[in-house]
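A closer look at the structure
Here are the chains, one letter per residue:
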Amino acid sequence: MNNMMFNAGDILETIQMIQDECLDIRTITMGVSLLDCIDPDIQKACNKVYDKITTKAEKLVETGEKIEKEYGIPIINKRISVTPIAMLAAVCPKDSPVKFAKALQRAAETCDVNFVGGYSALVHKGFSAGDMALIQSIPEALDITTRLCSSVNVGSTKSGINMDAVRIMGEVILESSKRTADRQCVGPSKLVVFCNAPEDNPFMAGAFHGVGEPDCVIHVGVSGPGVVRSTIAKYPDASIDELADIIKKTAFKITRMGQLVGTKASQMLNIPFGIVDLSLAPTPAVGDSVAHILETMGLETCGTHGTTAALALLNDAVKKGGVMASSNVGGLSGAFIPVSEDAGMIEAAVDGTLTITKLEAMTAVCSVGLDMIAIPGDVSPSTISAIIADEMAIGMINNKTTAVRLIPAVGSKEGDMLEYGGLFGSAPVMPINRKSSEKFISRGGRIPAPMHSIKN
């Protein structure tokens, strides 16, 4: 794409979107393969990891800043994703994977990126060498670092759900909260449990560099909830199908901007351009809310009856608009519903209209899952695991990505608030079902893949 594809009207419209409607490039994420850094000597491996990342991403932040100045488009985050670290840890069985966490933290600081993702394991069908050690090290790794993000894929439509991993992740999440209780339990805010995790996701905390990706690649994540809400507000009497068309056209315009930035970054850094992830990723800023989009569509409060239908319309229209604008749409692409990061979601949760049960229903039609949700700190590990299991089942059966990012608020109770500031916002501690799932979770094993997974 080149600048000649934008006429004067397009440029003026984009300027308005940026100035008045919170339009931004949420992230430029460089994916870096670490497969050539594998070494049985963990110190040598860590040095290779640091050297490769800092070499490849040396000019990432500088490039993002140059693009911001040239086009006047805010680029909020510059990030790095790497090969799942469990693969590197597999050949160093006598050493703690936390050494890799420290190397990644150092590399992130040197490159001055916001986050580095990929302290990850893929265990949807079982545990291989390195997986268990990495998973058990996650609480410590997230405790001693500030820019590291972690993820574990425990299920897929093709393989089913690894319930042993689900059980362990309940324990890991709670332990991570306890270790960071003096910092608003920030640990698990950087930890995602996935079903059907995408290999090219530029958004944190779930980003990792898949083994099918190039050695190095640039992905772009675009965000524009404020633009979509503002556009819908101009058509208060539009029918439902007219609304879908309006959203598609708006998503098309937003995606074109992401395509432009991604192509430019690729040229400047001389590495391949991967995908544009058109995800309506909200922020605590006024007007930059997916919940407020749904309310502009006609719901009194997000979470009331009709919310799931409205979200389904929004998510589908966003994807269709993005596909029309770029042949490189990937990642997650759609509507995110992270409670703490969305001003409207926070309001609805505090009001009591938006519950975890309703959020779970909404995840069947959105792009991710139960995201940035604070729950009471006295929760049992098995309850956390059961919440994960429910969400993984939705992803597995519906052949879509689902994820869980729960924050057990140690020392807090229902109605309290965790305060993070920035993009992480404020997390109201939401009530959970107190009936036990212990026996079900303790059975272990694997939920088999659904019948429709057999497509060969």
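Report on the accompanying structure. (Residues numbered from 1 in each chain as written. Predicted model: local features only at pLDDT ≥ 70, side-chain atom pairs only at ≥ 80, totals over all residues. Heavy atoms only, no water.)

1. What about the overall build of the protein?
Across its full length, the protein holds 15 helices and 14 strands. In terms of overall size, the protein behaves like a compact globule, its C-alpha atoms giving a radius of gyration of 21 Å where 456 residues would be expected to give roughly 23 Å. Across its three principal axes, the protein shows a C-alpha extent of roughly 60 × 50 × 50 Å. Expressed as a percentage of its 456 residues, the buried residues of the protein come to 60%. By sequence separation, contacts in the protein at least 24 residues apart represent 78% of the contacts at least 6 residues apart. When the accessible area of the protein is evaluated, it comes to approximately 17,300 Å², of which 52% is carbon and sulfur surface. Charge-centre separation for the protein: the mean point of 41 positive side chains lies 5 Å from the mean point of 50 negative side chains. (Helix = DSSP H or I, 4+ residues; strand = E, 2+ residues; numbered from the N terminus. Rg over C-alpha atoms; globule rule 2.2 N^0.38 Å. Buried < 20%, exposed > 50% of the residue type's maximum accessible area, 1.4 Å probe, protein only. Contact = heavy atoms within 4.5 Å. Areas by Shrake-Rupley, 256 points an atom, 1.4 Å probe, with all protein chains shown as cover. Lys, Arg positive; Asp, Glu negative; His and termini not counted. Charge placed at Lys NZ, Arg CZ, Asp CG, Glu CD.)

2. Some words on the packing of helix 5 (residues 98-111) against helix 6 (residues 131-144)
At a minimum axis separation of 9 Å, helix 5 and helix 6 run at an interaxial angle of 30°. Taken as axis vectors, helix 5 and helix 6 run roughly parallel relative to one another. For the pair helix 5 and helix 6, the sense of crossing is right-handed. Contact with helix 5, carried on its side by Val-98, Ala-101 and Lys-102, involves Ser-137, Glu-140, Ala-141 and Ile-144 of helix 6 and no other residues of that element. In terms of residue class, the contact of helix 5 with helix 6 is built from four nonpolar, one polar and two charged. (Axes fitted to C-alpha atoms, helices over the stretch in contact; angles between N-to-C directions. Parallel < 35°, antiparallel > 145°, perpendicular 65-115°, else oblique. Left-handed = near helix turned anticlockwise from the far one by under 90°. Nonpolar A, V, L, I, M, F, W, Y, C, P; charged D, E, K, R; others polar.)

3. Focus on the pairing of strand 3 (residues 116-122)
A large share of strand 3 lies buried, amounting to six of its seven residues. Pairing between strand 2 (residues 75-82) and strand 3: two bridges, direction parallel. Directly across from Ser-81, in strand 3, lies its bridge partner Gly-117. When strand 3 meets strand 4 (residues 148-156), the two strands line up parallel, connected through six bridges. Each residue of the ladder has a partner; that of Val-116, found in strand 4, is Leu-148. (Pairing = 2+ DSSP bridges.)

4. What to know about unusual backbone geometry
For the bond running from Met-204 to Ala-205, omega is 20°, close enough to zero to count as cis. Along the chain, Ala-205 turns up in the loop between strand 6 (191-195) and strand 7 (216-223). Of note, Cys-185 is a non-glycine position whose phi angle comes to about 55°, a positive value. Among the secondary structure elements, Cys-185 is positioned in the loop between helix 7 (163-179) and strand 6.

5. Examining the state of the cysteines
One pass over the full model with this rule turns up zero disulfides. The cysteine Cys-149 is free of any disulfide, with Cys-111 supplying the nearest cysteine sulfur at 15 Å. The cysteine Cys-195 is free of any disulfide, with Cys-366 supplying the nearest cysteine sulfur at 13 Å. (Disulfide = S-S within 2.5 Å.)

6. Quick notes on the pattern of salt bridges
Overall, the coordinates contain 20 salt bridges when judged by the stated rule. Linking Glu-62 and Lys-66 is a salt bridge whose minimum nitrogen-to-oxygen distance equals 3.1 Å. With Glu-62 and Lys-66 both in helix 3 (residues 60-71), this residue pair falls four residues apart, about one helical turn. Residue classification places Lys-66 among the partly exposed residues on the basis of a relative accessible area of 43%. (Salt bridge = Lys/Arg side-chain N within 4 Å of Asp/Glu carboxyl O.)

7. Description of the nonpolar core
In globular proteins that are soluble, nonpolar side chains generally tend to be buried together. Judged by nonpolar contacts, the single largest core of 120 residues is most densely connected at Ile-80, Tyr-119 and Leu-314. At nine residues, the largest contribution of residues to this core is made by helix 9 (residues 240-269). Ala-197, Ala-281, Leu-332 and Ala-374 belong to the second-largest nonpolar core, a separate cluster that totals 26 residues. (Core = buried A, V, L, I, M, F, W, Y, C linked by side-chain atoms within 4.5 Å.)

None of the figures reported here should be taken as evidence of function without further support.
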